[in-house]
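Chain residues, written in single-letter form:
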Amino acid sequence: MRDVTTAQTPVDLDVQPTPLALLLLGREADPRSERGVECPGDLPSPSDPDLVERARAAKEKLGDKVFVLGHHYQRDEVIQFADVTGDSFKLARDAAARPEAEYIVFCGVHFMAESADILTGDDQKVVLPDLAAGCSMADMATAEQVAECWDVLTEAGIAEQVVPVSYMNSSADIKAFTGKHGGTICTSSNAKRALDWAFEQGEKVLFLPDQHLGRNTAVRDMGMSLEDCVLYNPHKPNGGLTAEELRNAKMILWRGHCSVHGRFSIDSVDDVRARIPGVRVLVHPECKHEVVAAADEVGSTEYIIKALDAAPAGSKWAIGTELNLVRRLANAHPDKEIVFLDKTVCFCSTMNRIDLPHLVWTLESLAEGNLVNRIEVDRETEQFAKQALERMLALP
């Protein structure tokens, strides 16, 4: 087989690999990207039968010095070692409420660990067991792209009317941009409150980076029309929009989406209704608008958990969210029929990078006094990102 990494490019073509190509090949790193390319090499074997006992022993040795956070989408093998579980913002707040913990081990993805670092004390160290655990949605909006978008809005004469609202699932750079320009952060459970606040501050909203949460909140929860929303594509000149389209829009949606929730389709809904008579379809608001419109209930991860906890025995549910959580909920409620909305199995691939070998390696390294995979946000970025987060915490 030809070795593509060492093959010589003909001199007369003078072709140079792009930074993105080198990043994908693992030959370069972008510190501002959600994707890491360097992973630790001395991991225990995933077949090691002592992994559970090793993790337990290392965690016990660390004692109160370590606080382990487990996102709902994590594998069961990892969740069993979490001191608390929750969604990204709940976990970041839980970390901030444990100032005595020297190490915060965040079993989630990169932007979540960044948020924890922003909200925790200077003497606390946030650790991500695998630096390659990123978020495809957060990757869809870079600082350079968003700065260019703001220039487009300025040229269209509307920047002063626009308030940025960024979803929690964004990098620290994007949160800092939001804070610097007078905007706020939102979660999937308080997106309407964030948008209500934003429209009190200005006439338009730039919603980053998930188009579906922005559109669903504006149309389903706030009574706007689909025509009030335009889609800004960072890969097209001027976002693929005219100045008139931007001036007429209320919601300027960034062209980003969740790779898991974006897979669900109206066909998934129709199919599960045909297969399971009487089923109730419950989906996350990161799903496409037509899927949300066809569902019986829509809500955040925490909403989904509470809805199934409160559901009567014998009820039937098709859940449109990440498979690890759906499977865990099905096991927790054997008296209810709980199925994954789509026939195609779909885990969050980057969230699943946090496995038991990485967690064991992390805990054992910390127990030996070796700080690994620290996530640290620079001071200026932290300052403006924290402003945006604090505006969210102050929402009525």
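Not measured: the values here are computed from a predicted model.

Counting buried residues in strand β7 (residues 204–208) gives 5 out of 5 residues, a clear majority hidden from the surface. Residues of β7 alternate between two faces, with Lys204, Leu206 and Leu208 on one and Val205 and Phe207 on the opposite face, all of them buried. Across 5 bridges, the pairing between strand β5 (residues 162–167) and β7 is parallel. Opposite proline 164, over in β7, you have leucine 206 as the bridge partner. In the sheet, β7 pairs with strand β9 (residues 251–254) via 3 bridges, with the strands oriented parallel. Across the sheet, residue leucine 206 finds its bridge partner in β9, namely isoleucine 252.

Let us look at helix α7 (residues 143–155). Between its terminal C-alpha atoms α7 stretches 19 Å, which fits the 18 Å expected from 13 residues at 1.5 Å a residue. In this fold, the buried residues of α7 make contact with β5, α8 (172–180), β7, β8 (229–232), α11 (243–248) and β9. Glycine 157, located one to two residues past α7, shows a positive phi value of around 80 degrees.

Moving on, we come to the packing of aromatic side chains. By convention here, two paired aromatic rings are described through the distance between centres and the angle between planes. Counted under the stated rule, the structure contains 3 aromatic pairs. Centroid distance tyrosine 232 to tryptophan 254: 5.3 Å. Interplanar angle 25 degrees. Geometry classified as stacked. Here tyrosine 232 is found in strand β8, whereas its partner tryptophan 254 is found in strand β9, with 22 residues between them in sequence. We note that tyrosine 232, like tryptophan 254, is buried. Relative to phenylalanine 340, the ring of phenylalanine 264 has its centre 5.4 Å away and its plane inclined at 65 degrees; by these criteria the two rings are edge-to-face. Here phenylalanine 264 is found in the loop between β9 and α12 (266–275), whereas its partner phenylalanine 340 is found in strand β13 (residues 337–340), with 76 residues between them in sequence. For phenylalanine 340, a relative accessible area of 11% corresponds to the buried category. Across the ring face of phenylalanine 384, the terminal group of lysine 180 is positioned such that the distance to the ring centre comes to 4.9 Å.

Here we come to the pairing of β9. Both faces of the sheet carry side chains from a regular strand, because those side chains alternate between them. The side-chain alternation of β9 yields two buried faces, one formed by Met251 and Leu253 and the other by Ile252 and Trp254. Taken together, the 4 bridges between β8 and β9 define a ladder with parallel strand orientation. Considered in β9, the bridge of leucine 231 is made with leucine 253. Each parallel crossover has a hand, and the one from β8 via α11 to β9 is right-handed.

Taken in spatial order, the 4 strands make up an open sheet running β11-β10-β12-β13, and their pairing is parallel. Among the strands making up the open sheet, the edge pair consists of β11 (297–298) and β13. Of the pairings in the sheet, the one linking strand β12 (residues 316–320) to β13 comprises 4 bridges and is parallel in character. In the sheet register, tryptophan 317 faces β13, and the bridge partner there is isoleucine 338. Along the sheet face, helix α14 (residues 301–310) touches β10 (280–283), β11, β12 and β13 and points at about 150 degrees away from the line of β10. Across the face of the sheet, helix α15 (residues 323–332) comes into contact with β12 and β13 while running at roughly 165 degrees to β13.

Turning our eyes to something else, we now look at the confidence of the model for the chain. Here the chain shows a mean pLDDT of 89. Residues at 70 or above account for 89%. Per-residue pLDDT stays below 50 along residues 1–27; that stretch engages in 12 contacts with residues further than four places along the chain or on separate chains. Here residues 29–37 is a poorly scored stretch, pLDDT under 50, and it has 24 contacts once near neighbours within four places are set aside; other chains count.

Glancing now at helix α10 (residues 211–221). Along α10, 9 of the 11 residues are buried, which leaves the element largely enclosed by surrounding structure. If you check which residues of α10 are buried, you get Gln211, His212, Leu213, Gly214, Arg215, Asn216, Thr217, Ala218 and Val219. The opening residue of α10, the one whose side-chain oxygen lies 3.2 Å from the backbone nitrogen of histidine 212, is aspartate 210. Where α10 terminates, the next one or two residues include glycine 223, which has phi positive at roughly 80 degrees.

Of note, serine 115 is situated in helix α5 (residues 110–119). Filtering out sequence-adjacent residues up to four positions away, serine 115 remains in contact with Ala92, Met168 and Lys175.

Turning our attention to the packing of helix α2 (residues 51–62) against helix α16 (residues 356–367). Here α2 crosses α16 at 30 degrees, and the two axes come no closer than 9 Å. Taken as axis vectors, α2 and α16 run roughly parallel relative to one another. Here α2 runs over α16; the crossing is left-handed. On α16, the residues that touch Leu51, Val52, Arg54, Ala55, Ala58, Lys59, Lys61 and Leu62 of α2 are Leu356, Pro357, Val360, Leu363, Glu364, Leu366 and Ala367. Partitioned by chemical class, the residues of the contact of α2 with α16 number 11 nonpolar, no polar and 4 charged.

Conventions adopted
- Residue numbering note: each chain is counted from 1, following its sequence as written.
- For a predicted model such as this one, the threshold for reporting local features is a pLDDT of at least 70, and the threshold for listing and counting side-chain atom pairs is 80 or more; totals across whole chains, interfaces and linings nevertheless cover every residue.
- To get the side-chain values, take all heavy atoms of the structure and skip hydrogens and water.
- Note on exposure labels: buried denotes an accessible area under 20% of the residue type's maximum, exposed denotes more than 50%, and partly exposed covers the range between, all computed with a 1.4 Å probe on protein chains only.
- By definition, any uninterrupted DSSP run of H or I lasting at least four residues is a helix, any uninterrupted run of E lasting at least two residues is a strand, and each is numbered from the N terminus.
- When DSSP finds two or more bridges between two strands, those strands count as paired.
- A helix's residues, less one, multiplied by 1.5 Å, set its expected span.
- Note on definitions: a residue-residue contact is assigned when non-hydrogen atoms from the two residues lie within 4.5 Å.
- A pair of aromatic rings is counted whenever rings of Phe, Tyr or Trp (Trp by its six-membered ring) have centres within 6.5 Å, and the orientation is called stacked for planes under 30 degrees apart, edge-to-face for over 60 and tilted otherwise.
- Only when the NZ of Lys or the CZ of Arg is both within 6 Å of the ring centre and within 35 degrees of the ring normal is a charge said to sit over the ring.
- If you view a crossover with the strands going away from you and the path from the first strand over the helix to the second runs clockwise, you call it right-handed.
- Fitting a line to C-alpha atoms yields each axis, with helices limited to the stretch in contact; the angle taken between N-to-C directions then spans 0 to 180 degrees.
- On a scale of 0 to 100, pLDDT captures the predictor's confidence in every residue.
- Side-chain atoms alone can form a polar contact between residues adjacent in sequence; in general such a contact is a pair of N or O atoms within 3.5 Å, and within protein one must be able to donate a hydrogen while the other accepts it.
- Working rule for angles: under 35 degrees goes down as roughly parallel, over 145 as roughly antiparallel, 65 to 115 as roughly perpendicular, anything else as oblique.
- Take the far helix as your reference; a near helix turned counterclockwise from it by less than a right angle gives a left-handed crossing, and one turned clockwise gives a right-handed crossing.
- Classification convention: Asp, Glu, Lys, Arg as charged; Ala, Val, Leu, Ile, Met, Phe, Trp, Tyr, Cys, Pro as nonpolar; all other residues, Gly among them, as polar.

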